[in-house]
Amino acid sequence: MRWGAGVHEGIARALGSPVKLARAVQGGDASEAAQLTLADGRRVFVKTREGCAPDTFRCEAEALGWLEAAGAVRVPEVLAVSDGTLGVPPFLALEWVEGAARDGAFEEVLGRGLAALHRAGAPCHGAARDGYLARFPQRNTPCATFAELWGTHRLEPQLRLALDAGLGSSAIKRGFERVFARIDALSGPAEPPSRLHGDLWSGNVLTDEAGRPVLIDPAPYGGHREVDLAMMRLFGGFSERVFAAYDEAHPLAPGAEERVPLWQLYPLLVHANLFAGSYVAMLERTLVALV
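Residues numbered from 1 in each chain as written. Predicted model: local features only at pLDDT ≥ 70, side-chain atom pairs only at ≥ 80, totals over all residues. Heavy atoms only, no water.

Student: I tried to follow the pattern of salt bridges on my own but got confused; where do I start?
Tutor: Where side chains of opposite charge bring their charged atoms close, a pairing between them can arise. For the coordinates displayed, the defined rule picks out 17 salt bridges. Residues Asp-103 and Arg-212 are paired through a salt bridge, measuring 3.5 Å at the closest nitrogen-oxygen approach. Here Asp-103, found in the loop between β5 (91-95) and α3 (106-119), pairs with Arg-212, found in the loop between β9 (205-207) and β10 (213-215); they are 109 residues apart in sequence, far enough to count as distant. The exposure class assigned to Asp-103 is partly exposed, which follows from its relative accessible area of 27%. Among the residues examined, Arg-212 registers a relative accessible area of 34% and is labelled partly exposed. Glu-191 is the salt-bridge partner of Arg-225, the closest N and O atoms lying 2.9 Å from each other. Here Arg-225 is found in the loop between β11 (221-223) and α6 (226-234), whereas its partner Glu-191 is found in the loop between α5 (170-186) and β8 (194-196), with 34 residues between them in sequence. Pair check on accessibility: Arg-225 and Glu-191 agree, each one buried. Each of Arg-74, Glu-95, Asp-208 and Glu-209 takes part in one network of salt bridges that share partners. (Salt bridge = Lys/Arg side-chain N within 4 Å of Asp/Glu carboxyl O. Helix = DSSP H or I, 4+ residues; strand = E, 2+ residues; numbered from the N terminus. Buried < 20%, exposed > 50% of the residue type's maximum accessible area, 1.4 Å probe, protein only.)

Student: Honestly, unusual backbone geometry in this entry has me stumped. Any pointers?
Tutor: Peptide bonds are, in most cases, trans, and in most cases residues other than glycine have a negative phi. Phi at Ala-134 is positive, roughly 55°, even though this residue is not glycine. Summarising the element assignment, Ala-134 is placed in the loop between β6 (131-133) and β7 (136-138). Of note in this structure, Ala-276 is not a glycine but carries a positive phi near 55°. On the secondary structure map, Ala-276 appears in the loop between α8 (256-275) and α9 (278-290). For Ala-276, a relative accessible area of 25% translates into the label partly exposed.

Written as structure tokens, this is what we have:
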């Protein structure tokens with residue numbers, strides 16, 4: 001692999017065993033990834049990205065640790081992380097999760113586990129440090145309300161990027177004007193901040209060797225728990241059994257279904273800025289449904 005030598009040296013130094021074999025695997029849209037087999041027999045998942053910000057993978061390592069601390073849903077163990085200094089490229093090394101067929105209770109375990117993750121809570125709406133979503137910085141400056149965070153640190157930055165790129169039709173501009181004018185009312189009743197995964201689409205849920213769920217690639221912060229659920233519904237891949245199990249463990253406030261389009265605006269903006277095309281049309285339809 002073209003990035004292999006430097007990363008392999010860093011892995012060998014961090015884990016105490018040289019790399020014997022490397023095999024490219026899916027690592028998402030933003031990173032290159034591989035399964036590395038070490039000389040001592042261990043297999044690890046490693047991802048890297050050329051030109052990324054120095055704290056990119058350290059942020060992800062801390063994010064995984066924050067989710068793991070909730071004791072709710074399994075996340076991969078962080079084995080090593082590099083910020084690109086000392087001649088070693090930036091990388092993140094995680095335990096290799098050997099997948100298997102889903103256990104018969106997979107959906108219920110995921111729904112209840114997500115409810116427990118949210119119940120673990122967060123100190124504020126936001127986080128102590130900023131993070132990333134895909135290739136974009138994600139500002140997590142704590143806010144008094146989640147509506148403020150959602151409007152100021154989620155929707156506005158991505159909308160500016162879209163408008164600067166010429167992706168904002170008149171319908172999108174008018175729609176967001178109405179959203180910003182009513183965002184407090186649209187956000188529904190206040191809730192304490194939940195511990196969010198932050199990017200919970202089906203590709204970020206693996207199945208482990210026991211057939212149980214594993215969460216990967218978080219972009220976490222403290223916020224409204226309906227955000228994770230709305231993301232899960234945006235692109236599909238989750239059965240209604242997951243949502244039923246969640247609601248049984250942690251019932252949603254009245255009006256949750258009507259708020260789904262509001263929470264889907266942010267990931268749609270991100271996808272429009274990454275890929276344009278049909279996501280711009282999806283964004284327009286979501287705004288119409290909301291306002």
